[in-house]
Structure formats: C-alpha cells, structure tokens
Amino acid sequence: MAEPTLTHLDAAGAANMVDVSEKETTHRIAVARGHITMRSETLELISSGNAKKGDVIGTARIAGILAAKKTHELIPLCHPLMLSKVNVDIEPDDSLPGLVVTATTKVSGQTGVEMEALTACSLTCLTIYDMAKAVDRGMVIGDIRLVEKAGGKSGHWTLEKDGSEGGT
C-alpha cells in the first residue's frame, strides 16, 4: 500500500488545484457536525425566537447554506461545485447546553463535498455566535468534524460515535 500523500501539492511541493478531469462522475454526499455551547439562558432566548437580532436559527441555517455554495470562494484550492442539495439542521441540546449543527451536502460530480459540509457547519455556528453575542460572549464553537462521506473512489466512510472510523 502506497504512503498517503497530500493531493494539493505538486512534485516540487507547490500548492495546486487537483486535476479531477479523469475522475468518474458519481453521486457524493458529506455530513459535518459541530456544536456551539452557551449559557442555558442564551439557549432559551434563541429557542424562544425572542433574540434582539431576530430569528437566530433561521438566519443561521440560511448562512450555512450560502456558505456551502461559496466554499470555493473561501478555500483557495476547492473546486466550484454545482451542489444538488444543502441541508442544515440546528437542534437544541440542553445537556451542552447549546445547539448541535448538522450540515449535509450532495452533488453529482468528480470531486467530493466534504469541504462544503464543513464550511456550512462552521458558518452556521459563527452566525449563531454573531446573533447572540450581545447576551453571551462566552459561547464556544467546537467539535466541527466530518461524520460521513459517500461516493467516489474511496467509497463510504463514517466517524463512529466512539471516534473510530468505519466504512465500506
């Protein structure tokens, strides 16, 4: 088995965009998850829809979708993709306390959508922070990570609940 290499470096070590022109077009999906912890009072304020800046969850969801669509403009070597689906779920979790964000991206193409899912998750959390910072500057964004990807040559991969990797 060959030693893994960084795909965005050429033979001389210079950064470059990966050539995907010879790759097969397949249906691809990626799921990223993260969370933002906050004071219980902040979670209650957001959940009630009474935040000073308006609908935090609705605005954050739209920001996440927009972020996925603009990933190639934010990350220098990402390919622009014609996303077929972006879904952002934001669920309250009293045990944090905070909100759990799950972003799912889909495409039929020659390269994966992991960065789009991760970007959507990240910007969703950042938007929540921005909209609620007036009442809770101590919020913490964390554990943003890829939890599933499917499609392409590498097949299906998941991050199991215990942190181990699974796949087919």
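Right above here is the structure, for reference.
Residues numbered from 1 in each chain as written. Predicted model: local features only at pLDDT ≥ 70, side-chain atom pairs only at ≥ 80, totals over all residues. Heavy atoms only, no water.

> I'm lost on the nonpolar core in this one. Help?
Grouped burial of nonpolar side chains is what soluble globular proteins tend to show. Counting residues in each nonpolar core, the largest one holds 28 residues, and the members touching the most others are Met 38, Ile 46, Val 88, Ile 90, Leu 99, Val 101 and Ile 128. Residue assignment for this core shows that the elements contributing at least two residues are strand E1 (26–37), helix H1 (40–48), helix H2 (56–69), strand E2 (85–93), strand E3 (98–109) and helix H4 (114–132). A total of seven residues in this core trace back to one element, the largest contributor, which is H4. If we ignore the near neighbours within four places in the chain, the residues touching Ile 46 are Met 38, Val 56, Ile 57, Leu 99, Ile 128 and Ala 132. (Core = buried A, V, L, I, M, F, W, Y, C linked by side-chain atoms within 4.5 Å. Buried < 20%, exposed > 50% of the residue type's maximum accessible area, 1.4 Å probe, protein only. Helix = DSSP H or I, 4+ residues; strand = E, 2+ residues; numbered from the N terminus. Contact = heavy atoms within 4.5 Å.)

> What's the story with the side chain of Asp 136 in this structure? I'm lost.
Within the secondary structure layout, Asp 136 lies in the loop between H4 and strand E4 (140–150). At 2.9 Å, the side chain of Asp 136 and the backbone nitrogen of Arg 39 are in polar contact. Discounting chain neighbours no more than four positions away, the residues touching Asp 136 are Met 38, Arg 39, Thr 42 and Tyr 129. (Polar contact = N/O pair within 3.5 Å; in protein donor to acceptor, adjacent residues only side chain to side chain.)

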